[in-house]
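Observations on chain architecture
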Amino acid sequence: MDVNGTVAEGFEPVREAFVRNFVTFGDRGAAVAVYRDGQKVVDLWGGTKDVDGTAPWERGTTQVVRSATKGIAAAVLLLLHQRGQLDLDAPVGHYWPEFKAQGKERVLVRQVLNHRAGLPVLDRPLTPHEALDPLKGPAAVAAQAPAWEPGTGHGYHALTYGWLVDELVRRVTGQGTGEWLASQVTGPLGLDLWLGLPESEAGRAGRVGRVEGAEPSGGLRARPKRSVTEAYEDPDSLTRRAFAAISPFPDQNDPAYRASALPATNALATADGLARFYATLIGDTAGATRLFTPQTVELARAEESAGPDRILVVGTRFGLGYMLHGSASPLLTPGSFGHPGRGGALGFADPETGIAFGYVTNGFRKTVTADPRAQGLVRAVRGVLGL
C-alpha cells in the first residue's frame, strides 16, 4: 500500500495504523492529520479519490464527513455565545418565535446542543428536495411536537440538529451556518473545510460509498447488542425515525447535496482541514490565533448529557454540541471533545495534550460512533504519547 505524506519523529505508529486500515479494514481512500500544540505532526493520505474509482487520492482531496459536521456547526453557536450575540440559557423561541409551537416555549438553546430538546424525529419526514431547502427543514422542526418532555432525557438528534442550529444562526446573524462559517472562520483561516461546497472546489471532492472489512479483535464490540439492532430495524422506533427524518436520504455524491448546507451531516473537508479546525479551537496555529477562549473550551467539553441515549440505545456523553470521550465514542482522554461521522470520519481536540485529530474516508462502514479505522489511529496516537 502506497501512503503519501509525512509523520514527525515518534509518530511512526500512526502511519502503521493507517496502512493497516487499508490492508485489514477495507479503506479504499482516506487521510489522517494530527496537530500537537498547533504544529502538524501527522499528514498522511492514500488510496483512491473515489471509493469506486482508480484516480489517486491527492493532498487536497476532500470528502463528506457526515455527522462530524455537528462539531463544526456547534463551534458557530459557541462562538456567537462567546461574542455576546447568543445566550445559551435563553429559550430558542426568543430568537425564533415560530419555534414556540406545540409546547416548546421552554426549550433552551443549550438543549439544542446537548441533545435534550426532545426533537429528534419528524412526524412527516422531508423529501431530499425539501431537506435541501433552507426554509423547509427549520419550518418542519418548528411545527413538530417534542417526542419527550424537553430537558428530561437526551437522545441523539441525528438530522434535526442541523435545522435547529441553522435557524438559530440565521435568526441571530442573518446568515446560514455555512455562510457564517466561511466568512468568519474557514475563509480567514484558509481551511479546506466547507459547509456548502463552492462550485470552484467541486473537483476536489471524492465519491463516497459503502465498504466492508474485517471486524476488530478485542477493544471494540464487533457486534452491536440485540437491543441496538432491534431499534434500528423497527420502523416505528425513535431510532429509525430519527435517522429517517429525511426519506429517502439524499445521494451524498450529488453536487446539489454537496453545495447545500445541512449542519448535521454534509460538511466536506480534508483531514488537515478538520484537524486544523480543532487545533485552532484550542490553541494558536500557524498564522491563526485560537478561536475558543478557555471558558468556551470548558463549555464545549463539560458534561451536559450522559447515560442511556434514547436514539442510539447505548450510553453516550455530550457537552455543548460535542461528543465526549466514552465507550460509545472513544476519543483520546477524558478531556477530549469532538464528533464522529457515521461510518468513518472523526475530528476532535484534546486540550491537555494539545492534540487535534482529523480522519476522513470515502468508504463508509456500518459503524455509527466508533469506527475501527478511526479508533486504530487514535490508539496509535495514544500509544505515541504514552497514555
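Every value quoted in this text rests on a predicted model; they were computed, and no experiment measured them.

What to know about the overall build of the protein
- The helix and strand inventory of the protein stands at 14 helices and 14 strands.
- For the protein, the C-alpha radius of gyration of 19 Å lies close to 21 Å, the compact-globule estimate for 387 residues.
- Each of the three principal axes of the protein carries a C-alpha extent, and together these read 55 × 45 × 40 Å.
- In the protein, the proportion of contacts linking residues at least 24 apart, taken out of those at least 6 apart, comes to 68%.
- Per element, the accessible surface of the protein, about 14,800 Å² overall, is 49% carbon and sulfur.
- Charge separation in the protein, taken as the distance between the mean sites of 40 positive and 41 negative side-chain charges, equals 3 Å.

A few points about the nonpolar core
- Counting 88 residues, the largest nonpolar core has W163, F277, Y278, L281, F292, Y322 and F337 as its most contacted members.
- Non-local contacts of Y322, meaning those with residues more than four positions away in its chain, are made with G71, A74, A75, L78, Y278, L281, F292, A300, R317, F337 and G338.
- Counting 25 residues, the second largest nonpolar core, distinct from the first, contains V14, V34, V41 and L331.

Things to note about helix α2 (residues 69–82)
- The end-to-end C-alpha distance of α2, which contains 14 residues, comes to 20 Å, matching closely the 20 Å that a straight helix rising 1.5 Å per residue would cover.
- In terms of residue burial, α2 counts as a mostly covered element, since twelve of its 14 residues are buried.
- Where α2 ends, the next residue or the one after it, G84, has phi of about 80 degrees, a positive value.

Notes on the packing of aromatic side chains
- Following the criterion strictly, the structure yields eleven aromatic pairs and no others.
- Between W96 and F99, the aromatic rings sit 5.1 Å apart at their centres with planes inclined by 40 degrees, giving tilted as the arrangement. As far as burial versus exposure is concerned, W96 and F99 are alike and both buried.
- The ring centre of F99 lies 4.9 Å from the NZ or CZ of K104, which sits over that ring.
- Taking the ring centre of F243 as reference, the NZ or CZ of R342 above it sits at 4.5 Å.

Regarding the pattern of salt bridges
- Per the counting criterion, the structure on display carries 19 salt bridges.
- With a shortest N-O distance of 3.4 Å, K40 and D43 are connected by a salt bridge.
- With relative accessibility at 10%, the residue D43 sits in the buried group.
- Here the salt bridges do not stand alone but share partners, grouping D27, R365, D371 and R373 into one network.

Thoughts on the environment of A302
- Tracing the backbone shows A302 in the loop between α13 (294–301) and β8 (305–308).
- By relative accessible area, A302 is classed as partly exposed at 35%.
- Along the chain, A302 and D166 lie 136 residues apart, while their C-alpha atoms are 23 Å from each other.
- Look past the residues within four positions of A302 in its chain and what remains in contact with it is F318, G319 and L324.

Things to note about the confidence of the model for the protein
- Confidence along the protein averages 95 in pLDDT terms, with 97% of residues attaining 70 or more.
- Within the model, the stretch residues 218–223 combines pLDDT values under 50 with seven contacts to residues more than four positions away or in other chains.

Procedures and definitions
- Residues numbered from 1 in each chain as written.
- Predicted model: local features only at pLDDT ≥ 70, side-chain atom pairs only at ≥ 80, totals over all residues.
- Heavy atoms only, no water.
- Helix = DSSP H or I, 4+ residues; strand = E, 2+ residues; numbered from the N terminus.
- Rg over C-alpha atoms; globule rule 2.2 N^0.38 Å.
- Contact = heavy atoms within 4.5 Å.
- Areas by Shrake-Rupley, 256 points an atom, 1.4 Å probe, with all protein chains shown as cover.
- Lys, Arg positive; Asp, Glu negative; His and termini not counted.
- Charge placed at Lys NZ, Arg CZ, Asp CG, Glu CD.
- Core = buried A, V, L, I, M, F, W, Y, C linked by side-chain atoms within 4.5 Å.
- Buried < 20%, exposed > 50% of the residue type's maximum accessible area, 1.4 Å probe, protein only.
- Expected span 1.5 Å × (residues − 1).
- Phe/Tyr/Trp six-rings, centres within 6.5 Å; stacked < 30°, edge-to-face > 60°.
- Lys NZ or Arg CZ within 6 Å of the ring centre and 35° of its normal.
- Salt bridge = Lys/Arg side-chain N within 4 Å of Asp/Glu carboxyl O.
- pLDDT = per-residue confidence, 0-100.

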